[in-house]
Amino acid sequence: AQKVTQAQTEISVVEKEDVTLDCVYETRDTTYYLFWYKQPPSGELVFLIRRNSFDEQNEISGRYSWNFQKSTSSFNFTITASQVVDSAVYFCALFGGSSNTGKLIFGQGTTLQVKP
Amino acid sequence: DTGVSQNPRHKITKRGQNVTFRCDPISEHNRLYWYRQTLGQGPEFLTYFQNEAQLEKSRLLSDRFSAERPKGSFSTLEIQRTEQGDSAMYLCASSLMFGAGILEKLFFGSGTQLSVL
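Just so it is clear, the structure is predicted and the values come from calculations on it, not from any experiment.

A word on the overall build of chain A
Consideration 1: Of the regular secondary structure elements, chain A holds 0 helices and 12 strands.
Consideration 2: Mapped in sequence order, the helices and strands of chain A form the string β-β-β-β-β-β-β-β-β-β-β-β.
Consideration 3: Over its C-alpha atoms chain A spans a radius of gyration of 14 Å, differing by no more than 12% from the 13 Å that the globule rule assigns to 116 residues.
Consideration 4: For chain A, the spread of C-alpha atoms along the principal axes amounts to about 45 × 30 × 20 Å.
Consideration 5: Here the analysis covers contacts within chain A between residues at least 6 apart in sequence; of these, 57% occur between residues at least 24 apart.
Consideration 6: Total accessible area on chain A is roughly 5500 Å²; 48% of this is exposed by carbon and sulfur atoms.
Consideration 7: Within chain A, the 12 negative side-chain charges are centred at a point lying 4 Å from the centre of the 10 positive side-chain charges.

Quick notes on the interface of chain A and chain B
Consideration 1: Listed per partner, the contact involves 20 residues of chain A and 24 residues of chain B.
Consideration 2: Across the chain A to chain B interface the summed buried area is about 1900 Å²; carbon plus sulfur atoms make up 52%.
Consideration 3: At the surface where chain A touches chain B, the tally comes to 1 salt bridge.
Consideration 4: Taking the shortest distance from any N to any O, the salt bridge between K103(A) and E56(B) comes out at 3.4 Å.
Consideration 5: There are 6 residue pairs in polar contact (both at pLDDT 80 or more) connecting chain A and chain B.
Consideration 6: Counting residues per element, the ones that place at least two in the side of chain A that touches chain B are β5 (32-39), β6 (46-52) and β10 (88-96) of chain A.
Consideration 7: Ranked by the residues each element gives to the side of chain A that touches chain B, the list is headed by β5(A), at 4 residues.
Consideration 8: Residue classes in the side of chain A that touches chain B are distributed as 9 nonpolar, 8 polar and 3 charged.

Examining the packing of aromatic side chains
Consideration 1: Within the structure shown, the criterion is met by 23 aromatic pairs over all chains.
Consideration 2: Seen from their ring centres, F91(A) and F106(A) are 6.2 Å apart, and the 85° between their planes marks the pair as edge-to-face. Of this pair, F91(A) sits in strand β10 while F106(A) sits in strand β11 (residues 105-106), and the two are 15 residues apart along the sequence.
Consideration 3: The class for F91(A) is buried, based on a relative accessible area of 1%.
Consideration 4: Under the relative-accessibility criterion, F106(A) is labelled buried at 9%.
Consideration 5: Pairing F106(A) with Y35(B) gives two aromatic rings, centres 5.6 Å apart and planes at 85°, and the pair type is edge-to-face. With F106(A) in strand β11 and Y35(B) in strand β4 (residues 31-37), this residue pair bridges two chains.

Examining the sheet that holds strand β1 (residues 5-7) of chain B
Residue and element names in this part refer to chain B.
Consideration 1: What the 4 strands build is an open sheet, ordered β1-β3-β8-β7; its pairing is antiparallel. Each edge of the open sheet is held by one strand with a lone partner, namely β1 and β7 (65-68). Neighbouring strand axes in the sheet, compared pairwise and without regard to direction, differ in orientation by 15° on average.
Consideration 2: Two strands pair when backbone bridges link them, and β1 and strand β3 (residues 19-24) are joined in this way by 3 bridges, in the antiparallel orientation. Following the sheet pairing, Q6 is matched in β3 by C23.

Here we look at the layout of surface pockets
Consideration 1: Here the largest pocket is characterised by a volume of approximately 450 Å³.
Consideration 2: Taken together, 23 residues line the largest pocket, and the ones lying closest to its centre are Q39(A), V89(A), Q37(B), L39(B) and G40(B).
Consideration 3: Elements represented by at least two residues in the lining of the largest pocket include exactly β10 and β12 (110-115) of chain A together with β9 (88-95) of chain B.
Consideration 4: Partitioned by chemical class, the residues of the lining of the largest pocket number 8 nonpolar, 14 polar and 1 charged.
Consideration 5: Estimated volume of the second largest pocket: approximately 340 Å³.

Cut-off values and rules
- Residues numbered from 1 in each chain as written.
- Chains lettered and ligands numbered in written order.
- Predicted model: local features only at pLDDT ≥ 70, side-chain atom pairs only at ≥ 80, totals over all residues.
- Heavy atoms only, no water.
- Helix = DSSP H or I, 4+ residues; strand = E, 2+ residues; numbered from the N terminus.
- Rg over C-alpha atoms; globule rule 2.2 N^0.38 Å.
- Contact = heavy atoms within 4.5 Å.
- Areas by Shrake-Rupley, 256 points an atom, 1.4 Å probe, with all protein chains shown as cover.
- Lys, Arg positive; Asp, Glu negative; His and termini not counted.
- Charge placed at Lys NZ, Arg CZ, Asp CG, Glu CD.
- Buried area = accessible area lost by both parts, 1.4 Å probe.
- Salt bridge = Lys/Arg side-chain N within 4 Å of Asp/Glu carboxyl O.
- Polar contact = N/O pair within 3.5 Å; in protein donor to acceptor, adjacent residues only side chain to side chain.
- Nonpolar A, V, L, I, M, F, W, Y, C, P; charged D, E, K, R; others polar.
- Phe/Tyr/Trp six-rings, centres within 6.5 Å; stacked < 30°, edge-to-face > 60°.
- Buried < 20%, exposed > 50% of the residue type's maximum accessible area, 1.4 Å probe, protein only.
- Pairing = 2+ DSSP bridges.
- Axes fitted to C-alpha atoms, helices over the stretch in contact; angles between N-to-C directions.
- 1 Å grid on protein atoms, 1.4 Å probe; cavity = no way out; pocket = protein on both sides within 12 Å on 5 of 7 lines; lining within 4 Å.
- Points joined across faces, edges and corners; volume = space filled by probe spheres on them.

Right, here's the structure in full:
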């Protein structure tokens, strides 16, 4: 069975603070893909990153960085120097490539509130 | 790239009525997905199409739900005899699938918010 757990339901920070959103996943597939999506109040899910299971290099994109650790089945997301515009719901998602079910499994999401 | 388009944005209906939603994917995408999202939850998979073929349906998709993708272009999701529990955001997404087990990112539409009174 595949599962994604985002244990943090809500996080509130003050602008310019760093914040890390946790994601833990479960899969029996050896090949899989992990994603992060952002859902602002407008409702549309916005793609942030895609990472395959064979690439454990951490990635940085501007103020965003991702830490992928297969040993702990985690794919955490850090926002450095948070801004009010970062306020949104963030979803971690898993696609099990070898099972080829075609579906992306989402976690329950973490609501991030950045206060000015 | 005009993105994934969904219509209508909002739908209010009375219990027992039928409703139909439309999704227009990004034109060159061969895969189309339907998800349902309730308040405070992540999107839940309903079904997906590879071109015009419906390849998988979730157990969430009861026999009151039917989805089609004629000619592998736009898709419709119909709910018959709506129930209050059907109230949710219905999201459509599309993607390119290059081969077995390789998924590029999903592009999502803004969704159709269904309220069943």
